[in-house]
Amino acid sequence: MSRRFDVIVLGAGAAGLFCAIEAGKRGRRVAVLERSERPGKKILISGGGRCNFTNIYCTPENFLSSNPHFAKSALARFTPGDFIALVEKHRIAYHEKTLGQLFCDGSAQQIVGLLEAECQAAGVQAFTSQKVTEVTKGAEFVVRAEGEEFVAKALVVATGGLSVPKMGATGFGYELARQFGLKIQATRPALVPLVLQRKEQRQYCDLAGVSAEVMASANRAAFREKMLITHRGLSGPAILQVSSYWERGKPVVLDLAPDRVITRAVQDAKYRNLPEVVAAFQGSLPRRFAERWVELHEPESFSNASLEEFEQVVHSWSLVPADTEGYEKAEVTAGGVDTNELSSKTMESQKVAGLFFIGEVVDVTGHLGGFNFQWAWASGAAAGRAV
């Protein structure tokens, strides 16, 4: 027997649940199908379990896409302030950590609870442990899951990307897009730690756990935040940010002392020697890292010209990573359903009436710091108000 609805949403993550809420508020009969045993699993592990649910400084410039203008409309029509109002309505205490990032004081479960409560109030029906086996379209969409059939005029795909497969991530949304003739921009892990080449691993990875503030750049993007040395390479916010822009075989350039002239103190010292060079990094690099880095990049001499060359390397240390840590460690997936296939106002397919794509499955990827949640809320709202 078929279950009939106005809207079927595939995926009970941030975007899917928010879309369902907005559609339900408009009197639509909404079914949310989730393959996992409970909604919002990825929300629960986000932000170290506290959910970085938005960023107060969100702008379209905080997103990567093959069409940088695509996200503007949805982001303008559902703002961080709109989601904050909802958080306050549910009396969830929150705080700003750094750079506009908002986190729950308690736990990410509060955000899942907010979404579940809003779904209930809007009459949304959620069906968990539903593995979709087939989607077809005649006059309406027919979605077959194990032992169930769901029928609706509108189908919203909010199945996420390939990141964190242990949370149930699959490429199902991309397969569905292809089935209906939509183009896909090549996918890749984003906001992901980088793996160094063997030589650099041997040189630096015994310093795992050491961190420093750097300016990391790749492909014309630059981020000034903390970098962390890991057992296999580099991580920390600066590296995660730049990883979304990094292209295989190309360098990542690190400024180890942003806005500082390291060698000035050496030039002014009574004795110019390596201990003075190491000491000059105080306040920029932890001592162990400074000693190792100086040992591997010794200036040719202590003449002013040689120290100037050394200074340049300090601010433009070029490394070619071997790889990323892959989808297992990636926070998001870059690439996805081509934005040229969708309406920027409603997220509806230009080719297939009633078919919508929202959230991470779309080729819109936010920077680290709550931006991907804001895209989930904004794209979900755009589709939920249109279905």
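Up top is the structure these notes are about.
Residues numbered from 1 in each chain as written. Predicted model: local features only at pLDDT ≥ 70, side-chain atom pairs only at ≥ 80, totals over all residues. Heavy atoms only, no water.

Colleague: So, the packing of aromatic side chains: which residues are in play, and what are the values?
Modeller: In this description, a pair of aromatic rings is defined by centroid distance and the angle of the planes. The final tally for this structure, using the stated rule, is 21 aromatic pairs. Geometrically, the ring pair formed by Phe18 and Phe78 is edge-to-face, given 5.0 Å between the ring centres and 65° between the ring planes. With Phe18 in helix 1 (residues 14-25) and Phe78 in the loop between helix 3 (72-77) and helix 4 (80-89), this pair connects stretches of sequence that are 60 residues apart. For Phe18, a relative accessible area of 2% gives the class buried. When its relative accessible area of 5% is taken as the criterion, Phe78 is described as buried. Ring geometry for Tyr204 and Phe289: centres 6.3 Å apart, planes at 90°, overall edge-to-face. (Phe/Tyr/Trp six-rings, centres within 6.5 Å; stacked < 30°, edge-to-face > 60°. Helix = DSSP H or I, 4+ residues; strand = E, 2+ residues; numbered from the N terminus. Buried < 20%, exposed > 50% of the residue type's maximum accessible area, 1.4 Å probe, protein only.)

Colleague: Describe in detail the pattern of salt bridges, supporting the description with residues and values.
Modeller: Per the counting criterion, the structure on display carries 18 salt bridges. Here Lys89 makes a salt bridge to Glu118, at a shortest N to O gap of 2.7 Å. Residue Lys89 is found in helix 4, and its partner Glu118 is found in helix 5 (residues 109-121); the two are separated by 29 residues along the sequence. Relative accessible area serves as the criterion here: at 53%, Lys89 is assigned to the exposed category. Given the relative accessible area of 6%, Glu118 is considered buried. Between Lys351 and Glu341 there is a salt bridge; the shortest N-O distance is 3.2 Å. Here Glu341 lies in the loop between strand 21 (332-337) and strand 22 (355-357) and Lys351 lies in the loop between strand 21 and strand 22, a separation of 10 residues in the sequence. Each member of the salt-bridge network shares a partner with another, and the members are Glu22, Lys25 and Arg385. (Salt bridge = Lys/Arg side-chain N within 4 Å of Asp/Glu carboxyl O.)

Colleague: Help me get a handle on helix 5, residues and values and all.
Modeller: Taking 1.5 Å as the rise per residue, helix 5 with 13 residues should run 18 Å; its terminal C-alpha atoms sit 18 Å apart, in good agreement. Taken together, the buried positions of helix 5 are Ile111, Val112, Leu114, Leu115, Glu118 and Cys119. Here the buried residues of helix 5 occupy an arc of 155° about the axis, which is enough to place them on one side. Opposite the buried face of helix 5, by more than 90 degrees, sit the exposed residues Gln120 and Ala121. Structurally, helix 5 contributes buried residues whose contacts are with helix 1, helix 2 (41-45), strand 4 (52-55), helix 4, strand 7 (101-104) and helix 13 (371-384). Count one or two residues on from helix 5 and you reach Gly123, which has phi positive near 75°. (Expected span 1.5 Å × (residues − 1). Arc of directions from axis to C-beta. Contact = heavy atoms within 4.5 Å.)

Colleague: Requested: an account of the packing of helix 1 against helix 13, with residues and values cited.
Modeller: Contact pair helix 1 / helix 13: the axes reach a minimum separation of 7 Å and the direction vectors enclose 35°. The way helix 1 lies across helix 13 gives a crossing that is right-handed. Here helix 1 contributes Ala14, Ala15, Phe18, Cys19, Glu22 and Ala23 to the contact with helix 13, which in turn contributes Phe373, Ala376, Trp377, Gly380, Ala381, Ala383 and Gly384. (Axes fitted to C-alpha atoms, helices over the stretch in contact; angles between N-to-C directions. Left-handed = near helix turned anticlockwise from the far one by under 90°.)

Colleague: Hey, could you go over the sheet that holds strand 2 (residues 7-10) for me, with residue numbers and the actual values?
Modeller: Overall, parallel pairing links the 5 strands, which are arranged 8-3-2-12-22 in an open sheet. Here the strands that pair on one side only, and so sit at the sheet edges, are strand 8 (125-127) and strand 22. Within the sheet, the average angular offset between the axes of one strand and its neighbour, ignoring direction, is 20°. Where strand 2 lies against strand 12 (residues 154-157), 4 bridges are found, and the strand directions are parallel. The residue bridging Ile8 from the neighbouring strand is Leu155, located in strand 12. (Pairing = 2+ DSSP bridges.)

Colleague: Any details on the packing of helix 4 against helix 5? Residues and values, ideally.
Modeller: The geometry of helix 4 relative to helix 5 is characterised by a closest axis approach of 10 Å and an angle of 90° between their N-to-C directions. In terms of orientation, helix 4 and helix 5 fall into the roughly perpendicular class. Contacts between helix 4 and helix 5 pair Phe83, Leu86, Val87 and Lys89 from the former with Ile111, Leu114 and Glu118 from the latter. (Parallel < 35°, antiparallel > 145°, perpendicular 65-115°, else oblique.)

Colleague: Kindly report on the state of the cysteines, identifying the contributing residues and their values.
Modeller: This model, assessed by the stated rule, comprises 0 disulfides. In this model Cys51 remains outside any disulfide bridge; the closest cysteine sulfur is found in Cys104, 5.4 Å from its own. A residue is classified by how much of its surface remains accessible, and Cys51, at 0% relative accessible area, is buried. (Disulfide = S-S within 2.5 Å.)

Colleague: I'd like to hear about unusual backbone geometry, residue by residue, with values.
Modeller: With phi around 55°, Val164 is a residue other than glycine that occupies positive phi space. Along the chain, Val164 turns up in the loop between strand 12 and helix 6 (172-179). With a relative accessible area of 8%, Val164 lands in the buried category.

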